[in-house]
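Analysis of the macromolecular model
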Amino acid sequence: MEDHGSTYLGLFVDETTFYNRIVLGSLLPSRVWEPLPHFLQTWLRNYLGGTLIYFLSGFLWCFYIYYWKRNVYVPEDAIPSKKAMLLQIFVTMKAMPWYTALPSLSEYMVENGWTKCFSRISDIGMLAYLVYLATYLVIVEFGIYWMHRELHDIKPLYKYLHATHHVYNKQNTLSPFAGLAFHPLDGILQAVPHVAALFLVPTHFTTHIVLLFLEAIWTANIHDCIHSNLWPVMGAGYHTIHHTTYRHNYGHYTICMDWIFGTLRDPLDDGSKKVM
Ligand SMILES: [Zn+2]
Ligand SMILES: [Zn+2]
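Residues numbered from 1 in each chain as written. Chains lettered and ligands numbered in written order. Predicted model: local features only at pLDDT ≥ 70, side-chain atom pairs only at ≥ 80, totals over all residues.

1. Thoughts on helix 5 (residues 101-111)
Stated formally: Exposure classes come from backbone-placed C-beta atoms, where a residue is buried if 20 or more other C-beta atoms lie within 10 Å of its own, exposed if 12 or fewer do, and partly exposed in between. Helix numbers and strand numbers start at the N terminus; a helix is a DSSP run of H or I with at least 4 residues, a strand a run of E with at least 2. For every residue pair, C-beta atoms are placed from the backbone, and the pair is scored as a contact if these atoms sit within 7 Å.
For helix 5, the full list of buried residues reads Leu-102, Pro-103, Ser-106, Glu-107, Val-110 and Glu-111. Buried residues along helix 5 sit against helix 1 (8-27), helix 3 (38-68), helix 4 (82-99), helix 8 (184-200) and helix 9 (205-221). A positive backbone phi angle near 75° is found at Gly-113, which sits one or two residues after helix 5.

2. A look at helix 4
To be explicit about the condition: Expected span, for any helix, means 1.5 Å times one less than how many residues it has. The angle separating two fitted axes, one through the seven residues that finish at a residue and one through the seven that start at it, defines the bend at that residue.
End to end, helix 4 covers 24 Å across 18 residues, agreeing with the expected 26 Å (1.5 Å per residue, within 8%). The sharpest bend along helix 4 reaches about 30° and sits at Met-93, with the proline Pro-97 one to four residues further on. Here helix 4 has its buried residues at Met-85, Gln-88, Val-91, Thr-92, Ala-95 and Tyr-99. Next to the buried residues of helix 4 lie helix 3, helix 5 and helix 8.

3. Topic: the nonpolar core
Condition: Note on terminology: a nonpolar core is any set of buried Ala, Val, Leu, Ile, Met, Phe, Trp, Tyr and Cys residues joined through C-beta atoms within 7 Å.
Within the largest apolar cluster, 23 residues are counted, with the highest numbers of intra-cluster contacts made by Ala-178, Leu-180 and Ala-181. Those elements that provide at least two residues to this core are helix 3, helix 4 and helix 9. Every residue in contact with Leu-180, bar those within four places of it in the chain, is listed here: Tyr-54, Thr-92, Gly-187, Ala-216 and Thr-219. Counting 13 residues, the second largest nonpolar core, distinct from the first, contains Cys-117, Tyr-136, Val-140 and Ile-144.

4. Things to note about the confidence of the model for the protein chain
Should the pLDDT be low somewhere, the predicted coordinates at that spot are not to be read in detail. Worth spelling out the cut-off: pLDDT measures the predictor's confidence residue by residue and takes values from 0 up to 100.
With 95% of its residues at a pLDDT of 70 or more, the protein chain has an overall mean of 90. Per-element averaging of pLDDT across the protein chain places helix 12 (residues 267-275) at the bottom with 59 and helix 6 (residues 126-153) at the top with 97. Low confidence marks residues 272-276, where pLDDT is under 50. Its contacts with residues over four positions away, or in another chain, come to zero contacts.

5. So, unusual backbone geometry
Leaving glycine aside, a negative phi is the common case for residues, and trans is the common case for peptide bonds. A cis amide bond links Trp-231 with the next residue in sequence, Pro-232, at an omega value of -5°. Here Pro-232 shows up in the loop between helix 9 and helix 10 (236-245). For Cys-225, which is not glycine, the phi dihedral falls at a positive 70°. Relative to the helices and strands, Cys-225 is located in the loop between helix 9 and helix 10.

Listed below in structure tokens is the structure:
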């Protein structure tokens, strides 16, 4: 065995090895995954972890809004059909092996010292950590906004990639399972800002992993069509408008980028228009 512990980069390898052991060790017999090279172990861990999070968050959220709180958040006749949800699951599962190649690649680049990642918050101090984290999030907000907007504006990109996701363009067909229902390349392109940020700003490696997992949960959440008015969060109310107008609310976690670049449309404004 190579001794990684003595070098700084070894800290990253130790960490990813630890994640591999936890996830793969609890899901698979060791003879299946232990002989695999480290990169493949990492990919398999991301794939199984991503799939698990997708189904857990999807099922729990559906159970909560469609059954447990029946008619509270979603009117009975607006519950998406099983067929629509199964189709979204099918599209997602086809893409999942490709999606998870991206974080596997970014982990590989981190382990090899190509990025600006650091391993321990104590290496740079809490204040610097928070400043860098804020910068990272701004890069991700900006990057995803423009990536998403270009996926609409550049017609071939829309036609061959992003249209797959926009099949779900009505309230009654959008469900939490649509969150990751993209063409594989589309999903990867929209996650690229997370990887680009690693080269632009010093990033705490563990935080980067956590943020990627939060993506999977967030994207399920913004497809449930339930509008929660929590400024400046870009909740499902905004994203549902994106699915119906195609010209507004390209943003991700917050409404900031749409506000800055003039594409914001508020669900409440829409509501008042309907009343008049
Ligand atoms: Zn779109
Ligand atoms: Zn969407």
